Amino acid sequence: MRLEPYTYVTLSMPHADRRSRLTVSFHTDEVHVRARVIDERRPYLAFNTPEADVSISTTGGGPVTDADLTLARNIYAAAAQYLADCERLHTRPATDQTAA
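Note that the coordinates shown come from a computational prediction; the quantities given were computed from them, not determined experimentally. (Residues numbered from 1 in each chain as written. Predicted model: local features only at pLDDT ≥ 70, side-chain atom pairs only at ≥ 80, totals over all residues. Heavy atoms only, no water.)

Undergrad: How do you make sense of the overall build of the protein chain when you look at a structure like this?
TA: Within the protein chain, the secondary structure is distributed over one helix and five strands. Its helices and strands in sequence order give the protein chain the pattern β-β-β-β-β-α, from N to C terminus. For the protein chain, the C-alpha radius of gyration of 17 Å lies well beyond 13 Å, the compact-globule estimate for 100 residues. Principal-axis analysis of the C-alpha atoms gives the protein chain an extent of 50 × 35 × 25 Å. Of all intrachain contacts in the protein chain linking residues separated by at least 6 positions in sequence, the fraction that spans at least 24 positions is 11%. For the protein chain, the accessible area works out to roughly 8,700 Å², and carbon and sulfur atoms hold 55% of it. (Helix = DSSP H or I, 4+ residues; strand = E, 2+ residues; numbered from the N terminus. Rg over C-alpha atoms; globule rule 2.2 N^0.38 Å. Contact = heavy atoms within 4.5 Å. Areas by Shrake-Rupley, 256 points an atom, 1.4 Å probe, with all protein chains shown as cover.)

Undergrad: What should I look at first to understand the environment of D17 in this one?
TA: Inspection of the secondary structure puts D17 in the loop between β1 (6-12) and β2 (21-27). Taking the C-alpha atoms as reference points, D17 and A77, 60 residues apart in sequence, are found 34 Å from one another.

Undergrad: What am I meant to see in the side chain of N48 here?
TA: Looking at where N48 falls in the secondary structure, it is placed in strand β4 (residues 42-48). A polar atom in the side chain of N48 sits 2.6 Å from the side chain of R34. Once you skip the residues sitting within four places of it in the chain, N48 turns out to touch E30, V31, H32, R34 and D53. (Polar contact = N/O pair within 3.5 Å; in protein donor to acceptor, adjacent residues only side chain to side chain.)

Undergrad: In this structure, what is going on with helix α1 (residues 66-91)? I would like to understand it.
TA: Each α-helix turn comprises 3.6 residues. Residues three or four places apart therefore point the same way. Here α1 spans 38 Å end to end across 26 residues, near enough to the 38 Å set by a 1.5 Å rise per residue. Of the residues flanking the start of α1, the one acting as N-cap is T65, its side-chain oxygen 3.3 Å from the backbone nitrogen of A67. (Expected span 1.5 Å × (residues − 1).)

Undergrad: Would you take a moment to explain a nonpolar patch on the surface for this structure?
TA: A surface patch of nonpolar side chains, amounting to about 440 Å² of accessible area, comprises V9, L11, M13 and L22. For V9, the position within the fold is in strand β1. (Patch = residues over 30% accessible without salt bridge, like charges linked within 9 Å, V, L, I, M, F, W, Y side chains within 5 Å. Salt bridge = Lys/Arg side-chain N within 4 Å of Asp/Glu carboxyl O.)

Undergrad: Help me understand unusual backbone geometry, please; the structure alone is not making it clear to me.
TA: A negative phi holds for most residues other than glycine; trans holds for most peptide bonds. Even without being glycine, D39 reaches a positive phi, approximately 55 degrees. Relative to the helices and strands, D39 is located in the loop between β3 (32-38) and β4. At E40, a residue that is not glycine, the phi angle is positive and equals roughly 55 degrees. Locating E40 in the fold gives a position in the loop between β3 and β4. The exposure class assigned to E40 is exposed, which follows from its relative accessible area of 74%. (Buried < 20%, exposed > 50% of the residue type's maximum accessible area, 1.4 Å probe, protein only.)

Laid out in structure tokens, this is it:
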């Protein structure tokens, strides 16, 4: 069974003693990704679909910190791994993934 493309968004708002949690899952090729710099001091990375917008920017919306550089490097490494996995799986012969 093949599902149509979709974006899945959930928000959990527990009792006051725990943090709220937002989960966004993109399962669509309608994701638009862009990176920009605001006022020549604050970079951001944005993922957008018709159903959801997600952006990542610097700590507290301020100047770039060492932690921001670490996060950007982690995003870069994860994106490179995602690309490698997509390319590897794309070249495989098609198989029925629904059979269990």
